Amino acid sequence: MQDHDTELMLRASRGEDTAFRELFDRHYKRAVNIAYRSTGDSDLAEDIAMDAFARIYESRRSFKPTAKFTTYLYRIVVNLSINAAKHRKTIKHVSLDDSTEIADSEPGPEQNIMREDLTRAVREAILTLPPSQRIALVLTRYEGFSYQQAAEAMGTSVGAVESLLYRAKWNLYKALKSIVESER
Amino acid sequence: MRCFKVRALLSKYLDSELGEDLSAEVGKHLAKCFACRAAEAKLRRALDLLREWPETEPQFGYDALLARVNQKHVARERSVPMPKLPVPRWAAAIMAATSIAVGVALGIILPESNVPTSLPSEQQVVNAMDLHPYDVVEASLTYSLADGDQRPIEKRELQ
């Protein structure tokens, strides 16, 4: 039995645009956020997610349900993100626009600044990881993928994901060591 | 379980990717080993910090997707694609290698048939250039075209 997304995609392949729209609404935000945390750029992330959906839309007539729709979608997003991350040498610093959600809990201005500094440090620690380690971490830690799902999205083995994550976590710890140690 | 094994498994332990039995074994070790417990705490705190980076809200929706698809479609219609032969890359490589090999082989085997081996006669030159026979008298006195000796007559006569 197929999952709901794959059924929607099959309907879209038969020309039902409402089915594709539902798929878009269900997964677009997640696709944007995978790309966002992989590249560190919200505009680029949206471009990547849009490109992934556009590619799927254009080839929808030839869709074959050999894998889950989400595997298909996230594989495209991950590949586009890895390519973008590899070509992107400089890390864009957190802009005020990117950190608007931090101030939602209405703390004082000093706390806001500290929170922004922390966000910036975490963001930069993630973005300095090699692209494959970063994406493995993003998929499993932010998107809640299992190792198996992450391996499918990255087109690699579960063992490779395990190894990437082991290195990613220790590298992350090294990058955030001063903050981690200060919290003790 | 030994410390080095527990350290190697910490990453999977924190992601709940160890089986029940192995996870229980690691937990048991952590309860009695201060160094491993400290290592686990460090990693856990570093990972907890990830939540400090909030997600982003997309700016565009489905209409933007349709606009993008249409734009690509229009751009594709405007450009006239060159007809592409469905030749696989390996076949193209074989064809290229074969044509080079044939060229080299023909160069070795065939005689240089297009290269003239003798000079044309005086009459052939006259006919080819559409000249009056008297126009070539002076040339004939200087160079003898008929016998293949290109040295000036005067020089030959001096020998």
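Quantities reported herein were computed from a predicted structural model and do not represent experimental measurements.

Undergrad: Just checking my understanding: could you explain the interface of chain A and chain B for this structure?
TA: In many reports, interface size means the accessible area that the parts give up when they come together. Contacts between chain A and chain B engage 47 residues on the former and 34 residues on the latter. The tally of links from chain A across to chain B stands at nine salt bridges. Counting across the chain A and chain B interface gives 20 residue pairs in polar contact (both at pLDDT 80 or more). Where the side of chain A that touches chain B is concerned, the elements lending two or more residues are α2 (17-39), α3 (42-58), α5 (109-127), α6 (131-142), α8 (158-175) and α9 (177-182) of chain A. Ranked by residue count, the leading element in the side of chain A that touches chain B is α2(A), at 10 residues.

Undergrad: Please explain the side chain of A:Thr39 as it appears in this structure.
TA: Residue and element names in this part refer to chain A. If you trace the backbone, Thr 39 turns up in helix α2. For Thr 39, a relative accessible area of 5% translates into the label buried. A polar atom in the side chain of Thr 39 sits 2.8 Å from the backbone oxygen of Ala 35. A distance of 3.4 Å separates a polar atom in the side chain of Thr 39 from the backbone nitrogen of Asp 41.

Undergrad: Sorry, what's going on with the confidence of the model for chain A here?
TA: As a note on interpretation, predicted positions should not be read in detail where pLDDT is low. All names here are of chain A. Per-chain confidence: chain A averages 85 in pLDDT, with 87% of residues scoring 70 or above. Mean pLDDT values for the elements of chain A range from 85 in α5 up to 94 in α8. Considering only residues more than four positions removed or in separate chains, one finds that residues 93-97, a stretch of pLDDT under 50, has seven contacts. Counted against residues more than four places away or in other chains, residues 99-103, with its pLDDT under 50, gives 11 contacts.

Undergrad: Help me understand the pattern of salt bridges in this model?
TA: Between side chains of opposite charge, pairing is possible as soon as their charged atoms come close. Scanning the entire structure with this criterion turns up 16 salt bridges over all chains. Taking the shortest distance from any N to any O, the salt bridge between B:Lys72 and A:Asp51 comes out at 4.0 Å. Highlighted residues: B:Lys72 in helix α4 (residues 62-78) and A:Asp51 in helix α3, drawn from two different chains. Salt-bridge contacts for B:Glu40 lead to B:Arg44; the nearest nitrogen and oxygen are separated by 2.5 Å. Of the two residues, B:Glu40 and B:Arg44 are both situated in helix α3 (residues 34-48); the distance of four residues between them amounts to about one turn of the helix. Here B:Glu40 falls in the buried class, since its relative accessible area comes to 10%. Salt bridges here are not isolated pairs; linked through shared partners, they connect A:Asp51, A:Arg55, A:Glu58 and B:Lys72.

Cut-offs used in this document
Here, residues in each chain are numbered from 1, in the same order as that chain's written sequence. Here chains are named by letter from A upward and ligands by number from 1 upward, in the order in which they appear as written. Only residues with pLDDT of at least 70 get local features here, since the model is predicted, and only at 80 or more are side-chain atom pairs given and counted; chain-wide, interface and lining totals rely on the full set of residues. Processing note: side-chain calculations cover all non-hydrogen atoms of the structure and skip hydrogens and water entirely. Two residues form a contact once any of their heavy atoms are found within 4.5 Å. In what follows, salt bridge is the name for a side-chain nitrogen of Lys or Arg lying within 4 Å of a carboxyl oxygen of Asp or Glu. Any pair of N or O atoms that falls within 3.5 Å is considered a polar contact. Within protein, one atom must be able to donate a hydrogen and the other to accept it, and sequence-neighbouring residues count only if both atoms are side-chain atoms. Under the DSSP-based scheme used, a helix requires at least four consecutive residues in state H or I and a strand at least two consecutive residues in state E, with every element numbered from the N terminus. We call a residue buried when its accessible area falls under 20% of the maximum for its residue type, exposed when it is over 50%, and partly exposed in between, using a 1.4 Å probe and counting protein chains only. Per residue, pLDDT captures the predictor's confidence, and it can take any value from 0 to 100.

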